[in-house]
Amino acid sequence: MTVSGGTKALHRLVGVKRGELSKIARGLAMLHQAEALIVVDCSNVMFGVGSKVKAVAEYLFEFAKCGVTILPVCDNDIRPRVKQETVRRHAKREKSRVEEYVLRTEIRSLKRRLNEEALNQQQRTELLSIVKQKEAQRRRKEVASWRPYVPNFAAELERELDLLSAHLTNDAGGSVLKVVTAQFQADAFMAGQIRNKHAVMVLSTDTDIPLFTGDNCVSIKGFSKKNFELVCTSKTTLQCIMNYVGTESKAQLVPAEHPIFEGISNDRLRSLMMVIVGCDVFPSGVKNIGIPTLARTVSLFRSSSLDSPTYNEAALFERLVAMLKKEFKPILIKEASEVSREEAEAVADGEAEEIANTLIDALVYEPTNKVDMNKTYLGGVEPAQLFKYCDEFAVATTQVKQGPVILKCKGVGGKDHNFLAACGHSLCGKCNHVICTHCQMTIDLNGTRIFCLLCGATELLVPDIGTEAAISIDIRRQRLLDVHQFTGANDLDSDEVEDVLEMMDFLRDYRAQVDTVHFPLYKTAEMETMTTKWEDVAEIDFSGGGAFIADGTINQRHIPHILHFFAAVATFSLPDEKHTQWQKDKAIYDALPKLIIDFAGNARVDSGYRLLSRCLRHALDSKCPTLENSTATLILHENEIGIHINSPIPASMRKNTVYNSGIVFTATKVLCCKCNCQCGSQGEDRVVCVHNFPLIFLLLLLLMDALAESMLMEYAACMRSDIWDQTIWSEEDIIGMKKSILTLAAAAGEDVSSIYFNEFSIDALIDKFETGTEGRKKWKQRCKSKPKPGDHCCIEHIAKFESTATEGKRRTSRRQTNINLVNPEAQQENGDISEQDNDKAPNYVDIELLIYAAGFSEILESKPVAWQLLKMRSIKQRNELGISTKTIISKTKQYERQWKDLLLLAKTRSHRSSMYSPVNKVTPLTTPNPEISTNNESQTMMTIGTIVSPPSEARQRLHRNGQPLPFCQKSIPHKKGMTVKKNIAGKMTKISHRCCKKGCSHNNRDSPRGTRFFCVPIPRKPLNSKTPKKAALINETGALLLRREIMDRTMGDRLNTKKRRYYVCENHDFEEIHKSAIVKLNNGKKITITYKMIVPSSAGPNTKPNTLSQGIGRDRSVRKILENAIKDNKGLSNEGDWVMCAQKMAEVSCSESHRIPLNPTVAAAANIPLRKGNADDYVVNNKLFRVTPLTKTTSHNQKKNQPPVVQPGMSAKEVKRRTGFTDESYMISYIFVVCDGDVDMVKKRCTSLTWYEEWFMTFEYIWNRSVNRLEDVQKTFSGIREEDILKVLDAKLNMFRRCRDRWPMFAFFDEDKSLQKDKWASRYDGMRPVMWDMTGITAYAFSNSDYQRLTFSTYYNENCFKGGIFCQPCGWMGTINAWTGGVSDSDYNRREGYLKQQQQFQEKDLVTIDGQERVVRFLNIYDKGYRAKMAAWENGKQLVLQPDFKESDKRFNRHQTISSASVASDRGGNERAVNVSKRAGLISKGFQSNSDPVRFNSIWLTWSFQANFMFERVL
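Residues numbered from 1 in each chain as written. Predicted model: local features only at pLDDT ≥ 70, side-chain atom pairs only at ≥ 80, totals over all residues. Heavy atoms only, no water.

A few words now on the overall build of the protein chain. For the protein chain, the count of helices and strands is 51 helices and 38 strands. When each of the 1515 residues of the protein chain is scored for burial, the buried share is 49%. Counting only contacts in the protein chain whose residues sit at least 6 apart along the sequence, the fraction spanning at least 24 positions is 68%. Working note: accessible area of the protein chain is about 75,400 Å², and carbon and sulfur atoms make up 49% of it. (Helix = DSSP H or I, 4+ residues; strand = E, 2+ residues; numbered from the N terminus. Buried < 20%, exposed > 50% of the residue type's maximum accessible area, 1.4 Å probe, protein only. Contact = heavy atoms within 4.5 Å. Areas by Shrake-Rupley, 256 points an atom, 1.4 Å probe, with all protein chains shown as cover.)

Here is the structure:
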């Protein structure tokens, strides 16, 4: 270590040559009677020559060649607590590390600005200058934060010295002694060596050694190999050295500025002077006192002699102690604030005295011995007394006192340390730990927040020391050089070093994972030679099916293993088995057998997903041949049967490239692979490429097609012919064959889901398989692959671009019902649009009147050609139909009222059902309701709690005069006291429903007439939507809870899910209850909802009573009268009999004038309805059983109750930005055009959004500027579900297409001529020109190889669709169907059919020429390259005009050049039409993954039609 400013107190001898050191060492040895030895501080040397141990050893070895003996000394790993300079340097390095990291972050941020922001040249220059400055600061901080450290430094240095033979005496007489480790510090050991005359000089840059040791100590400063500098406190000593080197030496003596240590003989005084200016034990020193200031104080006690000064050391010591005590007194007085000022000063003075002595003892009594030796001291005297702060230096006889207060600091890097409290301390502002003055940092600019180093780094977002992120740039750069051999590492700046190292480390770690790849086990060469790794069993020919089973060359013992192998190929993972960490595995894992999935995972360092996807792509490629005509070899490897297959696998995109692929595998291992592709395995390679696993999948397809069935049939024949000795098979073999038979039967198409192999023998399983041929025929019919598009076609004909994973899953799915294995065409809602409507002409008049009613009449005078055509056609239609002015005025007023209604509807949302059915519609009473029933056969109705019979009235007397009897229906005796009802035909009534409540036997036949039965809600069907609304989920849960409560209270079967009708009669009590249930929403969140429901009361009898009360005596009499009357009158066959019976009852029971309760037995005998339940109290709107959620949820009915997002009256700028229309009038007028002037169609909706919102949402999504994804639309329009968005989009697109199809495809001849510019009229006078072109619409790269080839265009060099675009001279434009991108332009023109449409149009649009109506043929103007002349001529003799084109390098003549230039000039406007046709965002983005081709084609067709109403014409 060093003393602050110590160099100013040392005399220097500069320019000492290397060869002169030996002379100086011998001279000093003679002068001081000491050993001619130089002690070297090895840690100090490491800082000077490099951090490598080898560099230190080589320096010592070369230094010994000067002819001197060297003693290398190393510091011990243990530092004494008194050495606070070590703490200060550790803290300083940590602060530098933090500052370096902050600078590194700032530099990275500045460079990001340079790369990303738009800066002018001046700004860029300034930023570059700032980056350069900060990079220089960062480098300085990085150097300051670095400390070389070598574990076991002494041992490593000794080893390197041995390698150099440095311990041997060299030619100059010098050598290096054994490495010594000091007890604590090398400085103390070296001072002891000088003081004890074991050495004459030290080699160290530290100034504390010569200052503390005395005038006899000479220190060699610096690590030069030529010239050296010697320092000493004594000028006389250096003058003696000048005599040793001679007069010819160039060495010069430089006196010290302030030689205050010269002549000081007292060690404690020297130590005190070092403490005052700052040294290891007190780094900060006394404030404002350095060497110059101290020199002025010392000079006061020095004699007048300058050559050999002497001092009054006692007085000087006392004065200096007072200076040191003055430094600590303020802190000590502040801590002793509890006592008086005088007492505090006295206490502080005593404690300051102890602190001064402690710091002096820390220097004087530091041991000078080697490690593990008895302690020795500089003065040769052991300490008799030490304070606790210095107890590490004590011996057994030393008395240790408490002394000054010692505190523990949090330290650096989690290593705490002790320090004197009087030296100053603080508390961390975050963790509240004690920290010394060295281990703290201030972060806030005002300096009020003090943190420990760890918390301070955290506040600045600097990683902790010791972590990977905290490694310095120099170490990272060195790692690039040493580990990765990155030669340009020294040319990289800080952030580039981080990026490159991260990349290189990743690549190294990733490549190291190659060793974890298991398959294939053997090199490809094993397949090409006679291998010993496996043995061949038999060669099989797949064209013979499973005949190889019966081949006599196959050992019978291999049969179970062969079956097991082929069954493993056809074994799939369980439905609930997970292969990835995703919530749901991709379809590819359902399409492939478990064997391939396991192989892929062990053939790559990752999951092998790419191998799986490419496996399906190549195997399902239409160019890939099947294995049905191939041969293979069965092999045996480690008691496992496997197969060796070779077959060509074509490349996906290259037309004529075929790879020769081969694989050898068993049920559990991939043994060997080969392929001649660029990544394939050849020779000594062990690689699985993407062309190997398709062979396994082709084998699976062959098994499912015919091989599995053939194998089982051959196996059955062999089992019955007794050609096999079945006794040689073990029980384990038999069980394995059963399992294999079931797996192969399933692969063949047999339903084996209900078969358990332990329940059947092998013969029984074979018999069951042989009888299942019909099921296998159906399976094979279902398993036929979807028809391959053998030719290019419209994308709507493909309907859905199926991925290879989906196709593979479909091909390998076994006996799954309700799966359409042939790709179905997409079905879209047509919204009440009839195909016949397309043949009707648009209602131009109504459209125009509705536009006028809305106040948008200026639209018809605007520049877009469609509005001009609309106005012309409206006038023409009005004249043709003879519509009067009165009718026009009347209709206009009607439309004005409807327009006002539309504006009102656009301001408030409502449920969409309110737009389709009248509000408060009255349902007729005679309307049958299917969920309530009475026992009246003429009214069989069932509804949840709905009442059909008249309301119950108060019970009255049985009969009054002049009043007819209530029931006159005939009945016949059935049981004693009961009657059996008949229907109108006279037949006995069938029991259709009975009460399900326990203990109740009421049914529709035997109960009193008029008894009501309430139907229990039946289980609901699952919700159709994948993301149902919150309200739907709440209602679904409530309905389920209601049914469970009713079933629990009636039948005791709460979980009854039978889809049959149960009833509860009205003769029970009902009650209102509250129940809660948990509802799980789409986002996984769970909410608790409380429901109010009406259910049967839980009170009442649980079982039917054995006896029925006969009532009082009067009741028994009445019952007897009834029974006798019925018996005498033979069943009361007419109304008179009933009157007589009633009269007899009245004589007995109705003598009083008040109402008399009727006994149940009497009611049953008289067939009188008896009402004892309280159902009438809960019936509301003819419903009884009902459930209502009580809990209020924030999103319940949220969309319906929210205000509309968009309303009429939007600014033109906003409409233009979001929809592309010039303003709102253009948009609404186009809506009128689409709806053909029908207001009902305008306001027709699919959701709770307003009609205006749905139209606006459709236009905004198609324009695709302000919203890009369905998620954006969902967020903009109140969280509407994606399926509802698509429902709205499809409904509007169908209306768009209906409108487009009803409008004429082209402008009529007279319209075209009247609207086109003069230049077209003069150039194409009397002709009907139309310009045609084709354009590419970008599509994603399809995983299916067939679709990839169909859609890839070599012209556009991408996957795309192609669509035709036309434009007439008047500016009317349009598009026709989009086809797969691989189609040629000529083929498209020939097959699309638009030429036929043009022929039909020109034949209908006759033109009067010279008084005769004639057909004016279309003149099709194409670009060069189209071969369409013959096709055009075959369709109505249409004409073709296009630039001349010839073969390559052929010249054009004058006529051809001028003609081609003229056509090209005319077609310039058509290029603008192409641009407009792709202006919609959904089209310009292209066809994305998971898009619907039918919907995309509809957008493509209707957008150009819409563009005619939006933009100015392109010609």
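Picking up where we left off.
We now examine helix α6 (residues 153-164). Here α6 spans 17 Å end to end across twelve residues, near enough to the 16 Å set by a 1.5 Å rise per residue. Where α6 is concerned, the buried positions are Phe153, Leu157, Glu158, Glu160 and Leu161. Along α6, the residues classed as buried sweep out an arc of 165° about the axis, all on the same side. Seen from the open side of α6, the exposed residues pointing more than 90 degrees away from its buried face are Ala155 and Leu163. Buried residues belonging to α6 abut α2 (42-49), α3 (53-64), β3 (69-74) and β4 (175-176). A positive backbone phi angle near 55° is found at Ser165, which sits one or two residues after α6. (Expected span 1.5 Å × (residues − 1). Arc of directions from axis to C-beta.)

In this section: the environment of Arg479. Residue placement: Arg479 occurs in helix α15 (residues 473-482). With a relative accessible area of 21%, Arg479 lands in the partly exposed category. A C-alpha to C-alpha distance of 10.0 Å links Arg479 and Val497, two positions 18 residues apart in sequence. Setting aside its immediate chain neighbours within four residues, Arg479 contacts Glu468, Ile471, His484, Leu501 and Asp505.

Judged from the eleven bridges that link them, strand β28 (residues 1070-1080) and strand β29 (residues 1086-1096) form a sheet pairing that is antiparallel. By the bridge assignment for β29, Glu1072 is matched with Ile1094. Remark: five residues form the turn of the hairpin made by β28 and β29, two consecutive strands paired antiparallel; Gly1084 in that turn has positive phi of roughly 90°. (Pairing = 2+ DSSP bridges.)

A few words now on unusual backbone geometry. Going from Phe519 to Pro520, the amide bond is cis rather than trans, its omega being -5°. Relative to the elements of secondary structure, Pro520 occurs in the loop between α16 (494-512) and α17 (525-528). At Asn288, a residue that is not glycine, the phi angle is positive and equals roughly 65°. Positionally, Asn288 belongs in the loop between α10 (267-277) and α11 (291-299).

On to helix α41 (residues 1282-1302). Between its first and last C-alpha atoms α41 spans 30 Å; for 21 residues at 1.5 Å apiece the expected length is 30 Å, and the two agree. Burial of α41 is extensive: 16 of the 21 residues sit out of reach of the surface.

What follows is about the packing of α10 against helix α12 (residues 313-335). Orientation of α10 relative to α12, taken along the N-to-C sense of each, is 30°, at an axis distance of 10 Å. Classified by the angle their axes make, α10 and α12 are roughly parallel. α10 and α12 meet at a crossing whose hand is left-handed. Contacts between α10 and α12 involve Arg268, Leu269, Leu272, Met273, Val275 and Ile276 on the former and, on the latter, Glu313, Leu316, Phe317, Leu320, Val321 and Leu324. Residues of the contact of α10 with α12, tallied by class, amount to ten nonpolar, no polar and two charged. (Axes fitted to C-alpha atoms, helices over the stretch in contact; angles between N-to-C directions. Parallel < 35°, antiparallel > 145°, perpendicular 65-115°, else oblique. Left-handed = near helix turned anticlockwise from the far one by under 90°. Nonpolar A, V, L, I, M, F, W, Y, C, P; charged D, E, K, R; others polar.)

Glancing now at the state of the cysteines. Scanning all chains against the criterion turns up zero disulfides. Unpaired in this structure, Cys217 has its nearest cysteine sulfur neighbour in Cys232, at a distance of 6.8 Å. Free of any disulfide, Cys1000 has its nearest cysteine sulfur in Cys1065, 3.6 Å distant. (Disulfide = S-S within 2.5 Å.)

Next up on the list: the sheet that holds strand β19 (residues 631-637). Reading across the sheet, the five strands line up as β18-β19-β20-β21-β22 and stay open at both edges, with antiparallel pairing between neighbours. Both edges of this open sheet fall to β18 (535-541) and β22 (670-675), since each of them pairs with a single strand only. Sheet twist, expressed as the average angle between the axes of neighbouring strands with direction ignored, equals 20°. Strand direction decides the pairing type here: β19 and strand β20 (residues 640-650), joined by six bridges, are antiparallel. From the neighbouring strand, Thr633 faces β20, where its bridge partner is His644.

A few words on the confidence of the model for the protein chain. Predicted coordinates in areas of low pLDDT are best not read in detail. Model confidence for the protein chain is summarised by a mean pLDDT of 82, while 84% of its residues fall at 70 or above. Low pLDDT, under 50, characterises residues 815-836; the stretch is placed with 39 contacts to residues that sit more than four places away or in other chains. Below a pLDDT of 50 lies the segment residues 913-981, which in the model reaches 123 contacts outside its immediate sequence neighbourhood of four places, other chains included. (pLDDT = per-residue confidence, 0-100.)

For sheets, the rule is that strands pair by backbone hydrogen bonds, running either parallel or antiparallel. Judged by pairing direction, the sheet is antiparallel, and its three strands sit side by side in the order β28-β29-β30 without closing on themselves. Looking at strand neighbours, the two that pair on one side only are β28 and β30 (1187-1189), the edges of this open sheet. The sheet shows a mean angle of 25° between the axes of neighbouring strands, direction not considered. Taken strand by strand, helix α31 (residues 1030-1050) contacts β28, β29 and β30, and its axis lies near 40° from that of β29.

For the rest of this paragraph, the subject is the pattern of salt bridges. Throughout the structure, instances matching the rule amount to 68 salt bridges. Of the charged contacts, one joins Glu99 and Lys141 as a salt bridge, the two residues approaching to 2.6 Å between their closest N and O atoms. Here Glu99, found in helix α4 (residues 84-116), pairs with Lys141, found in helix α5 (residues 121-144); they are 42 residues apart in sequence, far enough to count as distant. Of the charged contacts, one joins Glu353 and Lys325 as a salt bridge, the two residues approaching to 3.1 Å between their closest N and O atoms. Placement of Glu353 in helix α13 (residues 341-364) and of Lys325 in helix α12 is noted, with a sequence separation of 28 residues between them. The class for Glu353 is partly exposed, based on a relative accessible area of 31%. For Lys325, a relative accessible area of 11% corresponds to the buried category. (Salt bridge = Lys/Arg side-chain N within 4 Å of Asp/Glu carboxyl O.)

A few words now on the pairing of strand β12 (residues 406-412). Summarising the sheet, β12 and strand β13 (residues 415-420) pair through five bridges and their orientation is antiparallel. Counted as the bridge partner of Ile406 is Leu420 from β13. Counting the residues in the hairpin turn of β12 and β13 gives two residues, including Gly413, whose phi is positive at 60°.

Together, Met503, Phe506, Leu507 and Tyr510 make up an exposed nonpolar region whose accessible area comes to about 390 Å². Along the chain, the position of Phe506 falls in helix α16. Judged by its relative accessible area of 52%, Phe506 falls in the exposed class. (Patch = residues over 30% accessible without salt bridge, like charges linked within 9 Å, V, L, I, M, F, W, Y side chains within 5 Å.)

On to the packing of helix α20 (residues 594-601) against helix α22 (residues 693-721). The interhelical angle for the contact between α20 and α22, taken along N-to-C directions, is 170°, at an axis separation of 10 Å. On the basis of the axis angle, α20 is roughly antiparallel to α22. Of α22, the residues touching α20 (which contributes Leu595, Ile596, Phe599 and Ala600) are Phe693, Ile696 and Phe697. Looking at side-chain class alone, the contact of α20 with α22 contains seven nonpolar, no polar and no charged residues.

Another aspect to go through is the packing of aromatic side chains. For the structure on display, the rule yields 57 aromatic pairs. Arranged with centres 5.7 Å apart and planes meeting at 65°, the rings of Phe184 and Phe393 form a pair that is edge-to-face. Residue Phe184 is located in the loop between β5 (180-181) and α7 (186-195), and its partner Phe393 is located in the loop between β10 (385-387) and β11 (399-401); the two are separated by 209 residues in the primary sequence. The burial state of Phe184 is the same as that of Phe393; both residues are buried. (Phe/Tyr/Trp six-rings, centres within 6.5 Å; stacked < 30°, edge-to-face > 60°.)

Taken together, the side chains of Glu535, Asp536, Glu539 and Asp541 present a region of like negative charge at the surface. Positionally, Glu539 belongs in strand β18. (Lys, Arg positive; Asp, Glu negative; His and termini not counted. Charge placed at Lys NZ, Arg CZ, Asp CG, Glu CD.)

Here we take up the nonpolar core. One recurring pattern in soluble globular proteins is that nonpolar side chains are buried together. In this structure, Trp1255, Phe1361 and Trp1372 are the most contacted members of the largest nonpolar core, which totals 125 residues. Leave out the neighbours within four places in its chain, and Trp1372 touches Val865, Ala866, Leu869, Trp1303, Pro1304, Met1305, Phe1306, Ala1307, Phe1366, Cys1367, Phe1505 and Asn1508. In terms of nonpolar packing, the next biggest core, distinct from the first, is built from 83 residues, Val569, Leu595, Leu616 and Leu634 among them. (Core = buried A, V, L, I, M, F, W, Y, C linked by side-chain atoms within 4.5 Å.)

Its place among the elements puts His425 in strand β14 (residues 425-427). A residue is classified by how much of its surface remains accessible, and His425, at 32% relative accessible area, is partly exposed. Considered as a pair, His425 and Leu407 are 18 residues apart in the sequence and their alpha carbons are 8.8 Å apart. Discounting residues that sit within four places of it in the chain, His425 has contacts with Glu335, Leu407, Phe419, Val434, Ile435, Cys436 and Thr437.

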